[in-house]
Amino acid sequence: MMATEIKRVLVVVAHPDDAEFGCGGTVAKWVKEGKEVSYVIVTNGDKGSDDRSMTPERLAKIRAEEQLTAARTLGVEHVEFLDYPDGELEDTLDVRRDVTARIRRFRPDLIVTQIPHRSSSLYASHRDHRITGSVVLDCVYPLARDHLSFPELLAQGLEPHKVREVYLMVWDHPEVVVDISDTMELKLKALACHASQLGNFSRVEARVRERAAQLGKPKGHAYAEGFNRIVIPR
Ligand SMILES: [Zn+2]
């Protein structure tokens, strides 16, 4: 399935908690296999609250802490926040430069990100998710690869980098199904760190278990996560 020489993985998602929901079990599995996994979180998640006394500043701080704890639970030590406002993400030169800089700095073999178009799930199709996925693919090719793109990054010592594979977290008909039966409990533990987002965790847990069981069923896995895969020709 995956090329065994994948050593470094970068997960780029729109919001704190997207990684745990979409690929937490896979991330934990890769960390156990000795791969180095890092996160880039594009927005600060400062709109995700129904508490009328909450402020965007306080929420962004809470969510950054929750994300760091969740990542550590899965064995991800490095998390970077690009700090764009939640729900207002646009595909701009600044966002593309910021993501390109992280790809050139972390130099991942594989990137996991969100799918750039709508699926049957309204929640999974959040505008910030679609824009993040689209930006990341533009950065993988051609922006991170070509030295003439963003010469200011080259001047900072950020050499061009070729990513080899991209996994897109998908809702419908995944091309790749990753067995997360052994890391499902860790995924749930990491998800539970996002307390500001979850309300009643037992309900969230039931939903996540059901979805992962559904994805795993055709392959005979107790639990799974699903992706589409893009292999970048050398
Ligand atoms: Zn999200």
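Going by the structure above, here's the rest.
Counting of residues starts from 1 at the beginning of each chain's written sequence and follows it residue by residue. Confidence filtering applies because this is a predicted model: local features only for residues at pLDDT of at least 70, side-chain atom pairs given and counted only at 80 or more, and all residues used for totals across whole chains, interfaces and linings. Side-chain numbers come from the whole structure's heavy atoms, not from hydrogens or water.

1. Regarding the overall build of the chain
Going by this rule: Numbering of helices and strands starts at the N terminus; helices are DSSP runs of H or I of at least 4 residues and strands are runs of E of at least 2. Here the radius of gyration uses the C-alpha set of atoms, whereas the globule reference equals 2.2 Å times the residue count to the power 0.38. Throughout this description, buried means an accessible area under 20% of the type-specific maximum (1.4 Å probe, protein chains only), exposed means over 50%, and partly exposed covers the range between. We call two residues contacting when some pair of their heavy atoms lies within 4.5 Å. Note that accessible areas follow from Shrake-Rupley with a 1.4 Å probe, and for residues the cover is restricted to the protein chains shown. Note on charges: Lys and Arg go in the positive column, Asp and Glu in the negative column, and His and the chain ends are not counted at all. Note on charges: their place is set at NZ of Lys, CZ of Arg, CG of Asp or CD of Glu.
Along the backbone of the chain there are eight helices and seven strands. In terms of overall dimensions, the chain is globule-like: its C-alpha atoms have a radius of gyration of 17 Å, near the 17 Å expected for 234 residues. If one aligns the C-alpha atoms of the chain with their principal axes, the spans along those axes are about 50 × 45 × 30 Å. For the chain, with 234 residues in total, the buried portion stands at 50%. Residue pairs in contact within the chain that sit at least 24 positions apart in sequence constitute 80% of those at least 6 positions apart. Within the structure as shown, the chain displays about 11400 Å² of accessible surface, and the carbon and sulfur contribution to it stands at 52%. Side chains of the chain give 33 positive and 36 negative charges; the mean places of these two sets differ by 3 Å.

2. Description of the pairing of strand E1 (residues 8–13)
Threshold: Strand pairing follows a simple DSSP-based rule, namely that at least 2 bridges must link the two strands. The crossover handedness rule: strands pointing away from the viewer, path from first strand over the helix to second strand clockwise, crossover right-handed.
Burial analysis of E1 places five of its six residues in the buried class, the great majority of the element. Across six bridges, E1 lies against strand E2 (residues 36–43) in parallel orientation. Within E2, the position partnered with Arg 8 by the bridge is Glu 36. You can see the chain leave E1, run along helix H1 (residues 18–32) and come back into E2, and the turn it takes is right-handed. In this sheet, strand E4 (residues 110–114) lies alongside E1 in parallel orientation, the contact comprising three bridges.

3. Overview of the pattern of salt bridges
We apply this condition: A pairing counts as a salt bridge when a side-chain nitrogen of Lys or Arg comes within 4 Å of a carboxyl oxygen of Asp or Glu.
Under the criterion given, the structure shown has 18 salt bridges. The partner of Lys 47 in a salt bridge is Asp 46, with the nearest N and O atoms 3.0 Å apart. Note that Glu 205 is salt-bridged to Arg 209, the shortest N-O span being 2.9 Å. One end of the pair, Glu 205, and the other, Arg 209, are both in helix H8 (residues 201–216), four residues apart, so they sit about a helical turn from each other. Looking at Glu 205, the relative accessible area reads 24%, which means it is partly exposed. Several salt bridges share partner residues, and in doing so they unite Glu 80, Asp 98, Arg 102 and Arg 105 into one network.

4. Quick word on the packing of H1 against helix H2 (residues 56–74)
If you want to describe how two helices pack, look at the angle between their axes and the distance between the axes. Inclusion rule: All axes are obtained by fitting lines to C-alpha atoms, using only the stretch in contact for helices, and the reported angles, taken between N-to-C directions, cover 0 to 180 degrees. Convention used here: angles under 35 degrees read as roughly parallel, angles over 145 as roughly antiparallel, angles from 65 to 115 as roughly perpendicular, and any remaining angle as oblique.
The geometry of H1 relative to H2 is characterised by a closest axis approach of 8 Å and an angle of 40° between their N-to-C directions. If you check the angle between H1 and H2, you find them oblique. Residues Glu 20, Gly 24, Val 27, Ala 28 and Val 31 of H1 touch H2, and the partners they reach there are Gln 67, Ala 70, Ala 71 and Leu 74.

5. A closer look at the coordination of the zinc ion
Heads up, the rule is: Counted as coordinating are nitrogen, oxygen and sulfur atoms within 2.8 Å of the metal, or 3.2 Å for Na, K and Ca, while water is not included, which may make sites look incomplete. Four donors are marked tetrahedral only if all angles between them lie between 85 and 135 degrees, whereas four are marked square planar and six octahedral if opposite donors are more than 155 degrees apart and the other angles lie between 65 and 115; the remainder are marked irregular.
Here the zinc ion is held by the protein donor atoms His 15 (ND1), Asp 18 (OD), Asp 18 (OD) and His 129 (NE2), which lie 2.0 to 2.7 Å from it. Angles of 53 to 124° at the metal separate the four donor atoms of the zinc ion, which places the site in the irregular class. Between the donor residues of the zinc ion, the gaps in sequence give the motif H-x2-D-x110-H. Of this pair, Asp 18 sits in helix H1 while His 129 is found in helix H4 (residues 127–143), placing the two residues 111 residues apart along the sequence.

6. Things to note about the sheet that holds strand E3 (residues 78–84)
Taking strand neighbours across the sheet as the criterion, the seven strands line up as E3-E2-E1-E4-E5-E7-E6 in an open arrangement whose pairing is mixed. Across the chains shown, the open sheet's two edge strands, defined by having one partner strand only, are E3 and strand E6 (176–179). Taking each pair of neighbouring strands and ignoring which way they run, the sheet shows an average axis angle of 25°.

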